[in-house]
Amino acid sequence: MRLNSPASPALQRSALAAHETLGIGALDHVAWKLRDVVRESWLRSLEYKGKAESNAHTVLSDDALRELRSTSPLRLVLPVFDRLLLEPARETGLILAIGDPTGRLLWVKGDSQALQDAESMAFVPGADWSERTVGTSAPGTALATRGGVQVSGAEHFDPIAQRWSCTAVPIHAPGTGEILGVVDITGGEEAVAAHSLALLKAAVAAAESELRWHQEKVEPSQRS
């Protein structure tokens, strides 16, 4: 595993050591040997800590989830993500998750065993995966930073997520730049492989292009 990968043994040992300081109440973030994006996310997570002990209770009812899905513009580009991300990852044990601008997961698809395993940490449709609820994770931190993020193992703030690695990229509205949601790949170390971030960015760019086409061509024709 390359040294600068978030899954590298050196970075994982540093993250585990930082968790030990949290366990004894020592919040010496200057000594945390974490990547900058992770350290800054942990500091935000500490501010939120205690407001929600678990995200399991945040999962929406089927009716509420159906309503959010029906109004999300990301429903228009699901085939793009299925074609570019889900199909290539079908046999790799990876999960594709698509969330709204608040970090709420709207669609979670992928390997059936991985999906079943992810239920133990409430990584399911309708769950809140914002930093405010679960701390540092790729979906929530990508939304907080407005950029692509990779988080691996012990870099997660909540220990329940430490067996997983993830890469996420926010998706923006064409023209306005408004964040419409986030696209995430979750799984083992392969989820933070060198090409994963580039792959997600390319898929998001394709989806944003599709949304622009829909905005310019389809919506005007529907109004006429």
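The present account deals with the structure reproduced in this document. (Residues numbered from 1 in each chain as written. Predicted model: local features only at pLDDT ≥ 70, side-chain atom pairs only at ≥ 80, totals over all residues. Heavy atoms only, no water.)

### Details of the pairing of strand β5 (residues 179-187)
Working step 1: Most of β5 is tucked away, with nine of its nine residues classed as buried.
Working step 2: Pairing between strand β1 (residues 95-99) and β5: five bridges, direction antiparallel. Note on β5: the bridge partner recorded for I98 is V183.
Working step 3: Two elements, strand β4 (residues 165-172) and β5, share eight bridges in a ladder whose sense is antiparallel. Counted as the bridge partner of I171 is G181 from β5.
Working step 4: Hairpin connection of β4 to β5: six residues between the antiparallel strands, including G175 at a positive phi of 90°. (Buried < 20%, exposed > 50% of the residue type's maximum accessible area, 1.4 Å probe, protein only. Helix = DSSP H or I, 4+ residues; strand = E, 2+ residues; numbered from the N terminus. Pairing = 2+ DSSP bridges.)

### Some remarks on the sheet that holds β1
Working step 1: Pairing within the open sheet is antiparallel, and its five strands lie in the order β2-β1-β5-β4-β3. Across the chains shown, the open sheet's two edge strands, defined by having one partner strand only, are β2 (105-110) and β3 (149-152). Across the sheet, the mean angle from the axis of one strand to that of its neighbour is 20°, orientation sign disregarded.
Working step 2: Those strands touched by helix α7 (residues 138-145) are β3, β4 and β5, and its axis lies near 40° from that of β4. (Axes fitted to C-alpha atoms, helices over the stretch in contact; angles between N-to-C directions. Contact = heavy atoms within 4.5 Å.)

### Quick notes on the pairing of β1
Working step 1: Summarising burial for β1: five of the five residues are buried, a large majority.
Working step 2: In β1, alternate side chains face the same way, and those of I95, A97 and G99 on one face and L96 and I98 on the other are all buried.
Working step 3: Pairing between β1 and β2: five bridges, direction antiparallel. Note on β2: the bridge partner recorded for A97 is V108.
Working step 4: Between the end of β1 and the start of β2, which pair antiparallel, lie five residues, with G103 showing a positive phi angle near 95°.

### Quick look at the pattern of salt bridges
Working step 1: Tallied over the full model, the rule gives six salt bridges.
Working step 2: D63 serves as the salt-bridge partner of R66, at 2.7 Å between the closest nitrogen and oxygen. Here D63 and R66 lie together in helix α3 (residues 62-71), a separation of three residues that amounts to about one turn.
Working step 3: The class for D63 is exposed, based on a relative accessible area of 55%.
Working step 4: One salt bridge connects D82 with K109, and the closest N-O pair in it is separated by 3.0 Å. Here D82, found in helix α4 (residues 78-86), pairs with K109, found in strand β2; they are 27 residues apart in sequence, far enough to count as distant.
Working step 5: K109 gets classed as partly exposed once you look at its relative accessible area, which sits at 23%. (Salt bridge = Lys/Arg side-chain N within 4 Å of Asp/Glu carboxyl O.)

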